[in-house]
Amino acid sequence: MASLTLGKGSNLSLSKADPGLRRAIIGLGWNPRTTTGAPFDLDASALLLGDNGKVRSQDDFVFYNQLSSKDGSVVHQGDNRTGEGDGDDEQIAIDLDLVGPDVKRIVIAVSIDQADSRGQNFGQVRDAYCRVVNQETEQEVVRFDLSEDAASETAMIFSEIYRHNGEWKFRAVGQGYATGLHGIVTDFGIVLE
């Protein structure tokens, strides 16, 4: 099975592209541009959303300080603080069979840790991508390469996996936020103290 590469805003039925897909790995990767400043630390996170487009509770925010959703359907594979090396920098595992029926979308976001104090943004990041891999076969199903210049954005929604007419689908989003991770999570109903 050949992987498909999508452009921004495109959708793909995961159920049709890989009918055997039950356990997906969302692989995220990036490389900081050559810089003389502080090292970059990008962080992946996932938000499980209900019908209303909001999280059902604080437990629906999966990130480096809360590595798993309450039901175990979405599990962050750990924080990579440097982004060095080849392959995925961070991964989020999604067991599609375990995702509760009241979860309609899983949003995948990446933010730059301490972006404001370090003067960093996505305009200084290159080769960013998001991909879906079938965990059981280790085959890449779909890939989205983020190519646009996001000079002021400090966080970005890379993609989302969502249910539509009984199928799981993937959407290449690429929406930047100048308000960082705080802006993303509050838009989806997380209350930060």
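Residues numbered from 1 in each chain as written. Predicted model: local features only at pLDDT ≥ 70, side-chain atom pairs only at ≥ 80, totals over all residues. Heavy atoms only, no water.

1. Points about the overall build of the chain
The condition is simple: Secondary structure elements are defined from DSSP: runs of H or I of at least 4 residues count as helices, runs of E of at least 2 residues count as strands, and each element is numbered from the N terminus. Just to be clear, the radius of gyration here is over C-alpha atoms, and the globule rule we use is 2.2 Å times residues to the power 0.38. Between buried and exposed lies partly exposed: a residue is buried under 20% and exposed over 50% of the maximum accessible area for its type, with that area taken using a 1.4 Å probe on protein chains only. Any two residues having at least one pair of non-hydrogen atoms within 4.5 Å are treated as being in contact.
If you tally the helices and strands in the chain, you get three helices and twelve strands. By the compact-globule yardstick of 16 Å for 193 residues, the chain fits well, its C-alpha radius of gyration being 16 Å. The principal-axis extent of the C-alpha atoms belonging to the chain is close to 45 × 40 × 25 Å. With 193 residues in all, the chain has 50% of them scored as buried. In the chain, of all internal contacts separated by at least 6 residues, the share reaching a separation of at least 24 is 69%.

2. Some words on the pairing of strand E9 (residues 125–134)
So the rule is basically this: Pairs of strands are assigned from DSSP output, requiring at least two bridges between the strands.
With seven of ten residues buried, E9 is to be regarded as a mostly interior element. Sheet analysis places strand E3 (residues 23–32) next to E9, joined by eight bridges and oriented antiparallel. Considered in E9, the bridge of Ile 25 is made with Val 133. Two elements, E9 and strand E10 (residues 139–146), share seven bridges in a ladder whose sense is antiparallel. Bridge pairing in E10 places Cys 130 opposite Phe 144. Connecting the antiparallel pair E9 and E10 is a turn made up of four residues, with Glu 138 showing a positive phi of about 60°.

3. Focus: the sheet that holds strand E4 (residues 42–49)
Note the cut-off: Comment: axis = line fitted to C-alpha atoms, over the contacting stretch for helices; angle = value between 0 and 180 degrees taken between N-to-C directions.
The sheet built from six strands is open, its strands ordered E2-E12-E11-E8-E4-E5 with antiparallel pairing. Edge positions in the open sheet fall to strand E2 (11–13) and strand E5 (61–62), since each of these has one partner strand only. Strand direction decides the pairing type here: strand E11 (residues 155–164) and strand E12 (residues 167–177), joined by nine bridges, are antiparallel. Paired with Ile 157 across the bridge in E12 is Gln 175. On the sheet, helix H3 (residues 180–187) packs against E4, E5, strand E8 (105–112), E11 and E12 and is oriented at approximately 25° with respect to E11.

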